[in-house]
Amino acid sequence: MKWMLFLLERAMAEGGAFMPPQGTKIAEEYDNLYAFLLWASLIGSMILIGGMIFFVVKYKRKTDHDKTPYISHNTFLEFIWSFIPLVIFLGVFVWGWHLYHEMRTMPENALEVNVFGRQWSWEFAYKSGKTSGKEFYVPVNTPVKLIMTSKDVLHSFYIPSMRIKQDVVPGMYTTLSFNAEKLGDYQIFCAEYCGTTHSGMLGQMHVVSQADFEKWLQENEEGMTLAEKGQKYFTDKGCVACHSVDGTPKVGPSWKGVFGLKEHEMDDGQKVSVDENYVRESILNPNAKVVKGYPKGVMPTFQGQLSEDQLNALIEFIKSLK
Ligand code: HEC
Ligand SMILES: [Cu+2]
């Protein structure tokens, strides 16, 4: 029992070695909820097991003519032991739901970084065109949104100090967001077994000042931003034959102002919101959703003809056409 208390104490102590450092406000709230669950479970099991032992001793048969009293039930007791746990469980539900909601609400105007997982490393692509393996820089006190996909198998992007983790899935984009509040270096893991060197699929996140971040972004700049690369594929890959970027419809709809639409109408009447996953699907599987007023089956599929990086650049280009 003593060692359990010891562990719990370490869990509660901020900055203690039992839990990773808390890099965000959400990490603090997360730990509070977790500590509450630990304490509630400990107290609950103590009452239960302790009560059991107490009654075993207290009501042990003492003589041969002890007679067990006839007890049917006690409404008050039954109500109490059902109602109190119910209130606690509902409280935990509301608490957890609130926190989860906070974690999953993507901030507007966040710094967007594309993350690629592959066997067995992480790759980070910034809008400026800079890419980086392993070293992941973010400015302090800035909402960051990660748009992630995998170039091969399932991975999971995990930064324990930010208390965030999300599957990185081939064929689609998943997102994460956080707002780092303390300067420092934080460990990144892959948390989904993905092959031989899974345990070596590590990365370092560096939370730095805004000025240092800008400086880092400009080091070894290649020159072309992601959107500019996308613009290049727009002509190179032949999208330009059917799409315009200035609002005039051609064979296909213009890309201007499409990204971010909340109610984009399809020919079957359904309304979709235009995000990274919708654009990706429109390129790889054009017939899955056909824009209202345009012919089905005209746009060829680009499945297998665009790399993840090219797709990403095209999406960034479409995003930039406000
Ligand atoms: C042969 C003509 C043609 C070519 C080439 C073509 N598209 Fe299309 N595209 C269309 C048509 C027609 C539609 C509308 C029907 C539909 O949704 O499938 C469309 C729809 C889209 C949409 C959805 C737009 C919206 O408003 O929701 C995206 C995104 C898109 N195309 C991307 C691309 C990309 C990227 C390329 C080049 C790699 C490309 N297209 C090449 C004809 C084309
Ligand atoms: Cu992995």
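Just so we're clear, the structure is a prediction, and the values are computed from it rather than from any experiment. (Residues numbered from 1 in each chain as written. Chains lettered and ligands numbered in written order. Predicted model: local features only at pLDDT ≥ 70, side-chain atom pairs only at ≥ 80, totals over all residues. Heavy atoms only, no water.)

Participant: Explain the packing of helix α5 (residues 226-236) against helix α7 (residues 308-320) here, please?
Facilitator: For any two helices packed against each other, one specifies the inter-axial angle together with the distance between the axes. Direction vectors running N to C along α5 and α7 enclose 100 degrees, while the axes themselves pass 7 Å from each other. In this view, α5 runs roughly perpendicular relative to α7, as classed from their interaxial angle. Of the residues in α7, those touching α5 at Leu226, Ala227, Lys229, Gly230, Gln231, Tyr233 and Phe234 are Gln310, Asn312, Ala313, Leu314, Glu316, Phe317 and Ser320. Among the residues forming the contact of α5 with α7, the class breakdown is seven nonpolar, five polar and two charged. (Axes fitted to C-alpha atoms, helices over the stretch in contact; angles between N-to-C directions. Helix = DSSP H or I, 4+ residues; strand = E, 2+ residues; numbered from the N terminus. Parallel < 35°, antiparallel > 145°, perpendicular 65-115°, else oblique. Contact = heavy atoms within 4.5 Å. Nonpolar A, V, L, I, M, F, W, Y, C, P; charged D, E, K, R; others polar.)

Participant: Looking at this structure, I do not really get the sheet that holds strand β5 (residues 143-150). What am I missing?
Facilitator: Where strands meet in a sheet, backbone hydrogen bonds hold them as pairs that are either parallel or antiparallel. Strand order in the open sheet formed by five strands is β3-β2-β1-β5-β8, with mixed pairing between adjacent strands. Two strands bound the open sheet, and with one partner strand each, they are β3 (131-133) and β8 (174-179). Strand-to-strand twist of the sheet, defined as the mean angle between neighbouring strand axes without regard to direction, takes the value 25 degrees. Judged from the six bridges that link them, β5 and β8 form a sheet pairing that is antiparallel. Each bridged residue has a counterpart across the sheet, and for leucine 146 the counterpart in β8 is leucine 176. Contacting β1 (111-118), β2 (121-126) and β5, α7 crosses the sheet at an angle of about 165 degrees to β1. (Pairing = 2+ DSSP bridges.)

Participant: Honestly, unusual backbone geometry in this entry has me stumped. Any pointers?
Facilitator: What is expected of a backbone is that most residues other than glycine have negative phi and most peptide bonds are trans. Cis geometry is found at the peptide bond from glutamine 119 to tryptophan 120, where omega equals 0 degrees. Checked against the element boundaries, tryptophan 120 lands in the loop between β1 and β2. The phi dihedral of lysine 134 is positive, around 70 degrees, even though this residue is not glycine. Its relative accessible area of 45% is what places lysine 134 among the partly exposed residues. (Buried < 20%, exposed > 50% of the residue type's maximum accessible area, 1.4 Å probe, protein only.)

Participant: Looking at this structure, I do not really get the nonpolar core. What am I missing?
Facilitator: Buried together is how nonpolar side chains tend to be arranged in soluble globular proteins. Among the nonpolar cores identified, the biggest contains 35 residues, and Phe136, Leu146, Phe157, Phe178 and Met205 are the most heavily contacted of them. Taken domain by domain, the makeup of this core includes at least three residues from each of domain 1 (2-48 + 73-104) and domain 2 (111-218). The residues touching phenylalanine 178, leaving out its near neighbours within four places in the chain, are Thr24, Phe136, Val138, Thr142, Pro143, Val144, Leu146, Met162, Ile164 and Met205. (Core = buried A, V, L, I, M, F, W, Y, C linked by side-chain atoms within 4.5 Å. Domains from an automatic or database assignment.)

Participant: Sorry, what's going on with the coordination of the copper ion (ligand 2) here?
Facilitator: Bound to the copper ion (ligand 2) on the protein side are His155 (ND1), Cys190 (SG), Cys194 (SG) and Met201 (SD), at distances that span 2.0 to 2.5 Å. Its four donor atoms give the copper ion (ligand 2) angles of 94 to 125 degrees at the centre, a pattern that matches the tetrahedral case. Within one chain, the residues serving as donors to the copper ion (ligand 2) are arranged as H-x34-C-x3-C-x6-M. Of this pair, histidine 155 sits in strand β6 (residues 155-159) while cysteine 190 sits in strand β9 (residues 184-190), placing them 35 residues apart in sequence. What makes cysteine 190 buried here is its relative accessible area of 7%. (Donors = N, O, S within 2.8 Å, 3.2 Å for Na, K, Ca; no water. Tetrahedral: all angles 85-135°; square planar, octahedral: opposite > 155°, others 65-115°.)

Participant: Looking at this structure, I do not really get the coordination of the iron atom of ligand 1. What am I missing?
Facilitator: In ideal tetrahedral geometry, four donors around a metal make angles of 109.5 degrees, whereas ideal octahedral geometry with six donors gives angles of 90 or 180 degrees. For the iron atom of ligand 1, the protein coordination sphere consists of His243 (NE2) and Met299 (SD), at 2.0 to 2.1 Å. Classification of the site at the iron atom of ligand 1 as octahedral follows from its six donor atoms and the range of 87 to 178 degrees in their angles at the metal. One end of the pair, histidine 243, is in the loop between α5 and β11 (264-265); the other, methionine 299, is in the loop between α6 (276-284) and α7, and 56 residues separate them in sequence.

Participant: What should I look at first to understand the domain arrangement of the protein in this one?
Facilitator: Frequently, the measure chosen for interface size is the accessible area that the parts lose on association. Parsing the protein into structural domains produces domain 1 (2-48 + 73-104), domain 2 (111-218) and domain 3 (226-320). Put simply, the middle of domain 2 and the middle of domain 3, counted by C-alpha atoms, are 26 Å apart. In this assembly, 17 residues from domain 2 lie in contact with 12 residues from domain 3. Summing both partners gives a buried area of about 1200 Å² for domain 2 against domain 3, and 42% of it is carried by carbon and sulfur. Summed over the shared surface of domain 2 and domain 3, the number is three salt bridges. With a shortest N-O distance of 3.0 Å, aspartate 309 and lysine 151 are connected by a salt bridge. (Buried area = accessible area lost by both parts, 1.4 Å probe. Salt bridge = Lys/Arg side-chain N within 4 Å of Asp/Glu carboxyl O.)

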